[in-house]
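# Examining the three-dimensional arrangement
Each chain, written out:
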Amino acid sequence: MIYAYSERFILPISHDEVVYGKGSLLTKMPGDEWQKFANLRSYLAFMWGHPGKKLLFMGSEIAQPGEWNHDASVSWDVLDRPAHVGIQRLVKDLNAFYRDEPALQFGDFHPEGFEWAAADDAVNSVLGMLRYAKDRSSSVLVLSNFTPVPRYGYRIGVPDDGVWIERITTDAQEYGGSGLVNGALSSESVPAHGRPFSLSLTLPPLATVFLEGPSP
């Protein structure tokens, strides 16, 4: 983020990342099979929440297990397996949310559309971002838990009082997750992270969640 607004950035997962023995995105992930898929879901959602336009190379949207091979087609047959369908469904929903939510667009090119919500929680391996539409007409909180340990009662500061609605969680069962969801959360007058209000929520393991803020 030091120089993110000096240019117009694309965040690429390009051809070069999934060829020449580097492996596919799925096989790069650590852990057992469940953790690999969970890590990939969390990573993709973190990428969609981060400022910058997105570029995903073919096959990555279905968690193709093998790296790209120009002599063969995308491994569409993996869509016979629920875990791969979950990745495809997640990418579809991330695209739709990105398309419809001004707060996920304005901060791509304007620094006033982005704030770190939590950038120093190394103990819990949690990163948080706040995205704002122009004139702060809408806001989205993006939180990522990069450990396999669920965080219950995690407190995060928010700028606005009211109900924050969970729009996407990569741990949802329809994506292949364990189903730890938050739904709607009411803020509390408990200062945190330099902000006047905060939420107490559950951060699922190896997951990224998007919460839409209250209307001004």
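Structural data are supplied above this passage.
The structure presented is a predicted model; accordingly, all values stated were derived computationally and were not measured. (Residues numbered from 1 in each chain as written. Predicted model: local features only at pLDDT ≥ 70, side-chain atom pairs only at ≥ 80, totals over all residues. Heavy atoms only, no water.)

### Quick notes on the sheet that holds strand E4 (residues 126-132)
So the rule is basically this: DSSP calls a pair of strands paired once it identifies at least 2 bridges connecting them. Working definition: helices are DSSP H or I runs of at least four residues, strands are E runs of at least two. Numbering for both runs from the N terminus. Lines fitted to C-alpha atoms define the axes, with helix axes restricted to the stretch in contact, and inter-axis angles between N-to-C directions lie between 0 and 180 degrees.
Sheet architecture is open: six strands sit in the order E3-E4-E5-E10-E7-E8, paired in antiparallel fashion. Among the strands making up the open sheet, the edge pair consists of strand E3 (114-121) and strand E8 (184-186). For this sheet, the mean inter-axis angle between neighbouring strands, taken without regard to orientation, is 20°. As paired elements, E4 and strand E5 (residues 139-145) share seven bridges and run antiparallel to each other. Directly across from Arg131, in E5, lies its bridge partner Val140.

### So, the pairing of E4
On a regular strand, one side chain projects to one face of the sheet and the next to the other, so that they alternate. How we decide: Residue exposure (1.4 Å probe, protein chains only): buried if accessible area is under 20% of the type maximum, exposed if over 50%, otherwise partly exposed.
Summarising burial for E4: six of the seven residues are buried, a large majority. Here E3 pairs with E4 via five bridges, running antiparallel. Residue pairing across strands places Phe114 opposite Arg131, the latter belonging to E4. Where E4 folds back onto E5 in an antiparallel hairpin, the turn is made up of six residues, including Asp135, whose phi is positive at roughly 60°.

### So, the pairing of strand E10 (residues 207-212)
Within E10, five of the six residues are buried, leaving the element largely enclosed by the surrounding structure. Of the strand pairs in this sheet, strand E7 (residues 163-169) and E10 are connected by four bridges, and their pairing is antiparallel. Across the sheet, residue Thr169 finds its bridge partner in E10, namely Val209.

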